Every structure is written in structure tokens, then in C-alpha cells.
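# What the coordinates show
Okay, here's what each chain looks like letter by letter:
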Amino acid sequence: MGWKETAEPVLTRMPAVQRPEGHIPFKRKLMWTGGVLLLYFFLTNVYLYGADQSADIFGNFRSLLAGGQGTVLHLGIGPIVTASIVLQLLGGADLLGLDTSDPRDQVLYQGLQKLLVVVMICLTGLPMVFVGGFLPANEAVAQNLGIGTFGVQWLIFAQIFVGAILVLFMDEIVSKWGVGSGIGLFIVAGVSQRLIGGLISPQGIGSSVGVIPQWISIITGSAQNVPSLLTSGGIQYMLFGGGQLLALATTVLIFVIVVYAESVRVEIPLSHARVKGARGRFPVKLIYASVLPMILVRALQANIQFLGRILNRQLGGLPAWLGSYNQYGSPTGGLFYYFAPIHSPNDWMWWAGGAGGHAAWEVLLRVAIDLGFMVVGGAIFAIFWVETADMGPEATAKQIQNSGMQIPGFRQNTGVIEKVMERYIPQVTVLGGALVGLLAVMANMLGTIGGTSGTSLLLAVSITYKLYEEIAEEQLMEMHPMMREMFGG
């Protein structure tokens with residue numbers, strides 16, 4: 001008996017959001033999406049009962065993981081993404097033996113994913129609460145409830161467990177009843193919130209004032225400790241300091257590059273085999289696998305740093321070659337330092353007093369490792385993403401064949417269509433994944449508005465663009481129902 005037969009009774013009984021029967025009107029999809037988004041914002045403001053606030057263990061990865069520090073959504077989308085990484089690797093190595101085009105195997109795959117999410121919630125949340133002390137229990141609450149510190153810790157874990165499960169089902173609701181995906185929606189919501197705060201907030205995010213209030217204070221002369229703008233110190237302040245000119249330029253540049261890259265595509269002409277004159281095009285975009293595989297790469301890096309911080313705190317320190325940490329929990333040496341991503345200009349500009357006093361070769365080695373990790377990892381995860389999301393040449397050929405379309409000048413045969421797709425999809429997938437990884441690292445090195453990471457901004461822009469395309473497609477299908485029937489909508 002194989003593992004599928006053994007696990008089937010459990011996996012098929014995993015709770016799931018029921019798929020809608022028939023077509024959902026576009027307005028109702030928007031209502032479901034908006035409702036889930038409101039619930040997400042509400043939950044990110046519900047703080048954990050019984051937990052004292054402490055340093056965020058995810059640090060600069062917080063906006064990428066789309067959660068709220070010290071709230072019931074403390075874990076954010078982390079467990080879902082980590083479970084996806086495991087499934088991607090198992091599926092890429094063909095160890096699962098599941099055919100996602102088979103309805104039975106599809107149910108098993110979805111059940112396995114939910115089971116892995118539960119496992120990842122425990123593997124992430126339990127050490128965070130009981131081992132690492134990153135969510136310390138409040139002694140006053142323990143005394144008032146009479147359950148002791150250990151009991152309050154279980155109460156804290158129960159809250160973040162429920163919050164992570166809610167994120168899982170909120171994502172499923174959006175995917176089945178709304179527009180886009182819940183994971184993408186939460187990332188866009190978090191990044192947008194930080195961008196707006198970084199532009200207009202008088203208090204700013206962290207220690208930085210918003211760009212517009214800062215410029216107003218500089219123009220009116222009310223800003224303190226600002227050197228003369230005509231000196232080298234003033235120019236450096238406007239570029240890298242409170243003026244944030246470089247961060248603003250990088251943010252705008254990321255918007256422009258992503259929108260342009262999304263529009264670069266190879267369009268394969270299609271014609272309908274039975275409806276004369278019905279023609280279309282299948283676009284193979286430069287960023288064919290989208291930027292979502294970047295979530296997997298960055299989540300893998302976040303888990304490596306999470307492991308380092310847990311071991312450092314639990315063991316009271318690590319060997320110098322493995323990692324050393326400062327009072328804020330950030331790596332300052334060893335392997336964990338070199339594997340830590342570059343998040344801002346201050347992490348690598350050693351000649352301007354940044355990089356924590358590290359030598360130039362140490363900084364350059366860290367940049368090279370981060371760049372290699374993102375470029376190579378982006379290409380690898382893009383390949384896995386395309387295969388598991390049924391976007392590869394074989395799956396795409398079947399979809400075109402089933403829709404009744406064909407490539408003009410070629411026989412209406414799945415194998416023929418697949419060979420045509422193999423000329424474009426694999427190469428574009430690797431190139432697009434590597435390009436997105438390069439852009440993410442460059443954006444992080446130059447800095448962005450609102451303290452968002454370059455990867456998060458890259459994801460937010462791309463997801464928003466795809467959301468716009470999906471909304472336009474939905475509106476087109478609403479206006480022309482025959483098109484929905486023709487293309488199996």
C-alpha cells in the first residue's frame with residue numbers, strides 16, 4: 001500500500017472552503033475580496049493577550065510575510081509559504097507521485113498542503129513562544145489568571161495558531177470566491193500601508209519621518225540637525241538621509257521596470273478550430289512565473305535567520321565561525337551574517353560609515369552571496385512554480401487543446417503544441433526568475449520608501465499589475481458571456 005492510500009482518509013477530510021457552483025458575478029467577487037481584506041486589517045490590530053512586546057524576530061522580512069508583530073497574525077503567510085517550499089521541492093523531485101490534473105490527486109495535494117501548513121505553524125510558533133522567548137509571557141496576566149507562565153505561553157501559542165489558520169482559509173476564500181489570491185492581497189495591503197506612511201506620516205515608520213513632511217520642514221527651515229544643502233554633507237543627507245531622494249527614485253524606478261517587464265512578451269497566435277474567425281494570442285511574458293517565487297526564496301532566507309536567532313538565544317551564543325549577534329538580534333559575523341540579505345544602503349556602504357564597521361571584502365562577499373542566492377534561487381523556484389501551477393509546456397498545450405484553439409499552420413495535436421511551447425516557456429521562465437532576483441537585490445541595496453524591502457515592493461507592484469489584468473478580464477467576461485463559455489470560464 002502506497003503513501004497515498006494510507007494518507008487518503010486524513011487528507012480528504014481536511015477542512016476546505018467549498019468551491020462555488022457556476023459563475024460568480026464580478027461584483028460579488030469584489031465583495032468577498034474586500035471583506036477578507038477588511039478582516040485582515042482588523043486581525044493585524046488584535047494584539048496577543050498575555051504577551052509582552054519584544055523585538056520582531058522576522059525583522060526586515062515582516063512586510064514580506066504580511067503579518068503583524070505581536071498580533072494574532074504574528075506568523076503572517078510564513079507557514080503557508082514554507083509549506084509551499086516543501087511541496088515545491090518534493091514535487092520537483094517527483095517524490096509525491098501526484099498528478100494535479102487528476103481530481104483525486106488534486107484533493108490529496110490540497111489536503112497535504114493544509115497538513116504541512118499546520119506542521120509549519122507548530123515548528124515556527126512553538127520555538128518562538130517556548131524556546132526563543134520572542135513572545136514573552138506577561139507575569140501580571142499569569143498571576144491574574146492563576147495558570148502560571150507556562151499556561152500563558154500555551155495561551156499565546158493558541159492565539160497565533162488560530163490566526164495562522166485564519167490566514168490559510170482567508171487565502172482560500174479569495175482564491176475561490178474573490179479576485180486574485182489572498183497571499184498576494186495581504187502582501188499588497190501591507191506594503192501599501194507602509195508606502196503611504198513613508199510618504200505622508202508626520203511620525204514616520206520607525207525613526208524616519210515621511211518624505212513629504214520632511215521636505216516641508218527642510219524648506220521652511222524647521223528641520224533640526226540638517227547640514228547646508230550646498231555642502232557634501234547636505235547632498236549626502238538628501239540622498240541617503242532624511243531627504244530620502246535615492247529611496248524615492250528607487251521606488252519609482254521599481255514601478256516603471258516591473259510594469260515594463262510585465263508588458264514584454266512573446267505572443268503565440270491562436271485560432272479556434274470550430275469557430276471561423278475566432279482568433280486569440282497566448283502571451284509568454286518575460287516574467288512568466290510572476291514574482292511569487294521570490295516569496296519562496298525570501299521565506300527560505302527568513303527561516304535560515306530565524307533558526308540562527310533561535311539557536312543563538314537558546315545556546316547563549318554560537319561559535320564565532322557560525323554566527324555572532326548584536327543586542328538587537330541581528331547577525332554581525334559568521335555564516336549567518338553572510339547569509340543575511342542586504343536590506344538597505346546602510347548594510348553595504350562601508351565607505352560612508354555603514355556596514356557595521358565590516359571590511360570591504362566581508363561586505364562584498366555578503367552582497368555576492370545574497371545576489372547569487374536570489375538569482376539562482378529565483379530561477380530554480382520559478383521552474384518549480386511553473387510546473388506545479390500547470391503553466392509548463394505540457395499543461396499549457398493541454399489547456400489550449402481543450403479550449404478548442406490551435407496554432408495556425410500546425411496540426412491540432414497536443415504534442416505539436418507542446419513542442420512549440422517548449423521553444424519559449426523554459427527559457428523565459430529561467431530568465432524571468434533570475435531577472436526578478438536581480439531586481440530585488442538592487443532595490444534592497446538602494447532602499448525604498450517607508451522601510452519596505454525591495455522584494456516586497458517588487459511583489460506588490462507585480463501583484464497589483466496582475467490584479468488589474470484579472471479585473472479587466474473579469475469585466476470583459478461579464479460583458480461578453482459567450483467568451484466565458486468559449487474559453488471554459
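See above for the structure.
Residues numbered from 1 in each chain as written. Predicted model: local features only at pLDDT ≥ 70, side-chain atom pairs only at ≥ 80, totals over all residues. Heavy atoms only, no water.

## What about the overall build of the protein chain?
Counting its secondary structure elements, the protein chain contains 19 helices and five strands. Scaling as 2.2 N^0.38, a compact globule of 489 residues should have a C-alpha radius of gyration of about 23 Å, and the protein chain matches this with 24 Å. Dimensions along the principal axes, computed over C-alpha positions, put the protein chain at roughly 75 × 65 × 45 Å. A fraction of 67% describes how many contacts in the protein chain between residues 6 or more apart in sequence connect residues 24 or more apart. Surface summary for the protein chain: the accessible area is close to 23,500 Å², and the carbon and sulfur share equals 64%. (Helix = DSSP H or I, 4+ residues; strand = E, 2+ residues; numbered from the N terminus. Rg over C-alpha atoms; globule rule 2.2 N^0.38 Å. Contact = heavy atoms within 4.5 Å. Areas by Shrake-Rupley, 256 points an atom, 1.4 Å probe, with all protein chains shown as cover.)

## Digging into the packing of helix α1 (residues 3-11) against helix α5 (residues 103-131)
α5 packs onto α1 with a crossing angle of 70 degrees between their chain directions and a minimal axis gap of 10 Å. With respect to α5, the axis of α1 lies roughly perpendicular. Between α1 and α5 lies a crossing whose hand is left-handed. Residue-level inspection shows Trp3, Lys4, Glu5, Glu8 and Leu11 of α1 in contact with α5, the latter providing Arg104, Asp105, Val107, Leu108, Gly111, Leu112 and Leu115. (Axes fitted to C-alpha atoms, helices over the stretch in contact; angles between N-to-C directions. Parallel < 35°, antiparallel > 145°, perpendicular 65-115°, else oblique. Left-handed = near helix turned anticlockwise from the far one by under 90°.)

## Some remarks on the packing of α5 against helix α12 (residues 293-315)
Running from amino to carboxyl end, α5 crosses α12 at an angle of 25 degrees, the nearest separation of the two axes being 11 Å. One finds that α5 runs roughly parallel with respect to α12. The handedness of the crossing between α5 and α12 comes out as left-handed. Every residue of α12 that contacts α5 at Thr124, Pro127, Met128 and Val131 is listed here: Phe306, Ile310 and Gln314. Counted by class, the contact of α5 with α12 contains five nonpolar, two polar and no charged residues. (Nonpolar A, V, L, I, M, F, W, Y, C, P; charged D, E, K, R; others polar.)

## Examining the sheet that holds strand β2 (residues 279-285)
On the basis of which strands lie adjacent, the open sheet formed by three strands has the order β2-β1-β5 and antiparallel pairing. With one partner strand each, in any of the chains shown, β2 and β5 (405-406) form the two edges of the open sheet. Bridge count between strand β1 (residues 265-272) and β2: seven bridges; the pairing is antiparallel. Directly across from Ile268, in β2, lies its bridge partner Phe282. (Pairing = 2+ DSSP bridges.)

## Some points on the pairing of β1
Alignment of β1 against β5, held across two bridges, turns out to be antiparallel. Counted as the bridge partner of Ser271 is Gln406 from β5.

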